[in-house]
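Spelled out, the chains give:
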Amino acid sequence: MEFDLTSRPRRLRADGVRGLLRETTVSASDLVAPVFVDATTDERVPIPSMPGHERVPVEEAVPRVREVMETGVEAVMLFGIPDSKDEVGSRAWAEDGVVQRATRRITGETDAYVITDVCFCEYTDHGHCGVLAADAREGWERLGGEERHGSDAHSVDSRMTVANDPTLSNLARTAVSHASAGADMVAPSSMTDGMVGAVRSGLDEAGFEDVPVMSYAAKFGSAFYGPFRDAADGAPAFGDRRHYQMDPANGREAMREVRLDVEQGADVLLVKPALAYLDVVRRVREAFDHPVAAYNVSGEYAMVHAAAEKGWLDLESAAYESLLSIKRAGADLIVTYFAEDVADRL
Ligand code: PBG
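Given the structure is predicted, the values throughout are model-derived calculations rather than measurements.

**Overview of the packing of helix H11 (residues 298–309) against helix H12 (residues 315–329)**
Close contact between H11 and H12 brings their axes to 9 Å; oriented N to C, the two are set at 160 degrees. With respect to each other, H11 and H12 are oriented roughly antiparallel. Where H11 crosses over H12, the handedness of that crossing is right-handed. Residues Val304, His305 and Ala308 of H11 lie in contact with H12, whose contacting residues are Leu315, Ala318 and Ala319. Taken together, the residues of the contact of H11 with H12 sort by class into five nonpolar, one polar and no charged.

**Some details on the pairing of strand S8 (residues 268–272)**
Counting buried positions over the five residues of S8 gives five, a clear majority of the element. The alternating pattern of S8 places Val268, Leu270 and Lys272 and Leu269 and Val271 on opposite faces, both of which are buried. Note that strand S7 (residues 214–219) and S8 share five bridges and pair parallel. Counted as the bridge partner of Ser215 is Leu269 from S8. For S8 and strand S9 (residues 292–296), the ladder comprises three bridges, and the chain directions are parallel. If you follow Leu269 over to S9, its bridge partner there is Val292. Taken together, S8, helix H10 (residues 278–287) and S9 form a β-α-β motif whose crossover is right-handed.

**With respect to the site of the ligand**
Taken together, 18 residues lie around the ligand, and Arg229, Gln245, Lys272, Ser298 and Tyr337 are the ones closest in. Taking Lys219, its side chain carries an N or O atom lying 3.1 Å from an oxygen atom of the ligand. Gln245 has a polar side-chain atom sitting 2.7 Å from an oxygen atom of the ligand. Mapping the ligand onto the cavity grids shows that it belongs to the largest cavity. The residue makeup of the shell around the ligand, split by class, is nine nonpolar, three polar and six charged.

**Looking at the pattern of salt bridges**
Once their charged atoms are close, side chains differing in charge can pair, the charge on each being opposite to the other. Taken as a whole and assessed by the stated rule, the structure comprises 18 salt bridges. One salt bridge in this structure joins Arg55 and Asp38, with 2.9 Å as the shortest N-O distance. Within this pair, whereas Arg55 is found in strand S3 (residues 54–56), its partner Asp38 is found in strand S1 (residues 31–38), the two being separated by 17 residues in sequence. For the pair Arg55 and Asp38, a shared accessibility class is recorded, and that class is buried. Across the pair Arg282 and Glu286 runs a salt bridge whose closest N-O atoms are separated by 3.5 Å. With Arg282 and Glu286 both in helix H10, this residue pair falls four residues apart, about one helical turn. Judged by its relative accessible area of 34%, Arg282 is partly exposed.

**What about the packing of aromatic side chains?**
Going through the model one piece at a time under the given rule, you end up with ten aromatic pairs. On the basis of an interplanar angle of 55 degrees and a centroid distance of 5.6 Å, the ring pair of Phe36 and Phe228 is categorised as tilted. Taken as a pair, Phe36 in strand S1 and Phe228 in helix H8 (residues 226–232) lie far apart in primary sequence, 192 residues in all. For Phe228, a relative accessible area of 12% puts it in the buried group. Taken together, a centroid distance of 6.1 Å and an interplanar angle of 45 degrees make the contact between Tyr295 and Tyr337 tilted. Taken together, the positions of Tyr295 in strand S9 and Tyr337 in the loop between strand S10 (333–336) and helix H13 (339–345) put the pair 42 residues apart, joining distant regions of the chain. Of the two residues, Tyr295 and Tyr337, neither departs from the other in class, the shared state being buried. Just above the ring of Tyr225 sits the side chain of Lys219; from NZ or CZ to the centre is 5.7 Å. It is Lys272 that lies over the ring of Tyr295; its NZ or CZ is 4.6 Å from the centre.

The rules behind these values
Residues numbered from 1 in each chain as written. Predicted model: local features only at pLDDT ≥ 70, side-chain atom pairs only at ≥ 80, totals over all residues. Heavy atoms only, no water. Axes fitted to C-alpha atoms, helices over the stretch in contact; angles between N-to-C directions. Helix = DSSP H or I, 4+ residues; strand = E, 2+ residues; numbered from the N terminus. Parallel < 35°, antiparallel > 145°, perpendicular 65-115°, else oblique. Left-handed = near helix turned anticlockwise from the far one by under 90°. Contact = heavy atoms within 4.5 Å. Nonpolar A, V, L, I, M, F, W, Y, C, P; charged D, E, K, R; others polar. Buried < 20%, exposed > 50% of the residue type's maximum accessible area, 1.4 Å probe, protein only. Pairing = 2+ DSSP bridges. Right-handed = clockwise from strand over helix to strand, strands pointing away. Near = heavy atom within 4 Å. Polar contact = N/O pair within 3.5 Å; in protein donor to acceptor, adjacent residues only side chain to side chain. 1 Å grid on protein atoms, 1.4 Å probe; cavity = no way out; pocket = protein on both sides within 12 Å on 5 of 7 lines; lining within 4 Å. Sits in = over half its atoms within 2 Å of the grid points. Salt bridge = Lys/Arg side-chain N within 4 Å of Asp/Glu carboxyl O. Phe/Tyr/Trp six-rings, centres within 6.5 Å; stacked < 30°, edge-to-face > 60°. Lys NZ or Arg CZ within 6 Å of the ring centre and 35° of its normal.

Here it is, written out as structure tokens:
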């Protein structure tokens with residue numbers, strides 16, 4: 001033999017020693033379970049594209065969170081489906097809004113750590129993540145203000161859809177209303193420039209300087225959000241989100257986005273989606289000492305389920321391997337629809 005086989009990694013792959021050498025683990029305390037609270041229903045509604053997940057009415061929010069906690073998962077991320085939508089998404093910051101009511105109950109009656117999503121796509125009649133720019137609004141209204149995809153939508157597609165700065169104060173007041181309802185942490189996800197600074201100063205001015213901000217620092221304009229948009233009824237009625245969410249091709253730009261959020265006071269840095277962006281998770285981990293979160297999104301969940309349903313993948317091991325990979329890349333915590341199932345088996 002030309003080479004020396006003194007190094008044999010296989011020596012360390014015996015059953016008895018594997019556990020001792022394992023570099024990465026997943027535990028229930030690393031996981032955050034998304035919970036959908038829906039003001040338009042009085043019963044639990046299963047989400048077809050996300051098996052095992054439901055939209056629950058406010059009355060069921062506490063029981064739903066108790067189910068999550070029984071698996072050992074201690075944190076939830078709340079998403080709301082409001083009773084009505086309008087031009088600016090004002091139900092997002094209403095004191096009697098769906099997330100506010102659910103948060104009050106959950107924090108009053110359970111020990112769950114409640115993180116709230118701060119965004120407007122579920123709350124605006126046009127489905128975009130903020131206040132529409134005047135010309136986009138005009139273009140959309142010219143089309144009848146209805147759901148438009150395909151060729152008709154192009155006349156507004158090419159414009160900047162969301163007005164950045166007018167959205168900032170709405171983000172701040174939404175975050176403050178969540179904190180007033182008892183939210184433990186807020187998570188702005190709208191990819192508005194300056195959102196972390198606006199939310200941080202809003203919280204500080206309202207006396208919530210102890211409420212941390214988990215920023216969706218690098219959120220990509222991804223095809224993997226499809227099932228969520230059905231679940232939360234937050235698909236844009238026209239156009240897409242490419243004017244504010246990041247181009248999936250850009251890793252360096254992600255670092256720049258993250259750095260801006262750090263400068264504005266983000267406490268936790270979130271990368272989204274997770275599996276298709278593990279390089280970004282790793283780069284953020286290496287460049288910053290902040291806790292890093294990754295969002296294992298609806299499409300990443302749905303595709304494992306769909307393959308498992310066909311008998312092409314083993315659901316449990318593919319789910320566990322997904323989460324393990326996200327941790328190995330450098331995430332400290334993972335927002336995932338697999339939270340309960342994986343935690344249950346740990
Ligand atoms: C926006 C938001 C989205 C998700 C979470 N927050 C969707 C989007 O940008 O369309 C997606 C989460 C998922 O796919 O699991 N408020």
